[in-house]
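Coordinates in review
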Amino acid sequence: MSDPAAVHDAPAPRPLRVTDLPEDERPREKLARLGPQALSDAELLAVFFRTGLQGLNAIELGSNLCDKYGGLTELSRVTVDELCASNKGIGPAKATELVAVFEMGRRLACLRMVDTPLNKPDMVYSFIAPEMQQLSRESLRVILLNSRFRLIKIEEVSSGTINETVAHPRDILKPAIVHDCQAFIMVHNHPSGDPSPSQADNKLTRRLKEAAELMRIEMLDHIIIGRPRDENPSGYFSFNEHGLM
């Protein structure tokens, strides 16, 4: 007959470490063999963290962060202070490194588009969405373009509450006049992720289009940045694509 005390005193099983996994399931080895696109978000974070915490391996740590924040997009919005304050085992050094990684990704996405004509909404979305999707408030910006629709500059015109951005057509057109651009695209984000335009969005677009025509500056589009959803896989709304320009 077994001794109940001996069973009670038996050591708890050791948490599974990444090195305990078969070699072809370990994130670093998997990345080297198949490329980064083969890794899940949690596995990519595991490669970044390298080690886990007590009771959690690096993959489980990455998975917990994705679950907590709802994915990499939401995680990329979190500040260094927030990461340290609300995540046990993540200190200032690791938090700053993670924030820097996300910032490098945003900058690389922008650099790839600098010499590309920005006259199609899907290209504009690819160019600016990675950064604007991370904002918790609405931001209205103008993308200033030359005669070949190459980027001159992006300027923020206004930053509003989570539900509303207020801007007058003269404020939006001012950067276009100052930088002597030939065309521009207005862009703003919906932090909710739903890019459907509001009545205020429709009204502002009409007024701005009329004002731009008077100034002989071509308004190519007004694009609302959201996130891909079943009802809108593209993740954006283009007034031009919908025949509203």
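Side chains of Ile177, Leu214 and Met215 sit close together on the surface and give an oily, nonpolar patch of about 340 Å² of accessible area. By the secondary structure assignment, Leu214 is in helix H10 (residues 199-214). Assessed through its relative accessible area of 74%, Leu214 is described here as exposed.

Bringing the pattern of salt bridges into the picture now. Enumeration according to the criterion identifies 6 salt bridges in this entry. The partner of Lys30 in a salt bridge is Glu43, and the shortest N-O contact between them spans 3.3 Å. With Lys30 in helix H2 (residues 27-34) and Glu43 in helix H3 (residues 41-49), the pair connects residues that are 13 residues apart, well separated along the chain. The same class applies to Lys30 and to Glu43, which are both buried.

For the rest of this paragraph, the subject is the pairing of strand E3 (residues 183-189). Burial analysis of E3 places 7 of its 7 residues in the buried class, which makes it a mostly covered element. Here E3 shows no split at all, with Ala183, Ile185, Val187 and Asn189 on one side and Phe184, Met186 and His188 on the other all buried. Pairing of strand E1 (residues 139-145) with E3 involves 6 bridges; the strand directions are antiparallel. Its bridge partner being in E3, Leu140 is matched across the sheet by His188. Two strands pair when backbone bridges link them, and E3 and strand E4 (residues 218-225) are joined in this way by 7 bridges, in the parallel orientation. Residue pairing in the sheet places Phe184 in a bridge with Met219 of E4. Assessed by its sense of winding, the connection that carries the chain from E3 through H10 to E4 is right-handed.

This paragraph deals with H10. Its 16 residues place the ends of H10 23 Å apart at the C-alpha level, agreeing with the 22 Å of an ideal helix rising 1.5 Å per residue. For H10, the set of buried residues is Asp201, Leu204, Thr205, Leu208, Ala211 and Ala212. Down the axis of H10, the smallest arc covering the buried residues is 140°, so these residues share one side. Facing away from the buried side of H10 by over 90 degrees, the exposed positions are Gln199, Glu210, Glu213 and Leu214.

Calculation rules
- Residues numbered from 1 in each chain as written.
- Predicted model: local features only at pLDDT ≥ 70, side-chain atom pairs only at ≥ 80, totals over all residues.
- Heavy atoms only, no water.
- Patch = residues over 30% accessible without salt bridge, like charges linked within 9 Å, V, L, I, M, F, W, Y side chains within 5 Å.
- Areas by Shrake-Rupley, 256 points an atom, 1.4 Å probe, with all protein chains shown as cover.
- Salt bridge = Lys/Arg side-chain N within 4 Å of Asp/Glu carboxyl O.
- Helix = DSSP H or I, 4+ residues; strand = E, 2+ residues; numbered from the N terminus.
- Buried < 20%, exposed > 50% of the residue type's maximum accessible area, 1.4 Å probe, protein only.
- Pairing = 2+ DSSP bridges.
- Right-handed = clockwise from strand over helix to strand, strands pointing away.
- Expected span 1.5 Å × (residues − 1).
- Arc of directions from axis to C-beta.

Fair warning: the whole summary comes from geometry, so function is off the table for now.
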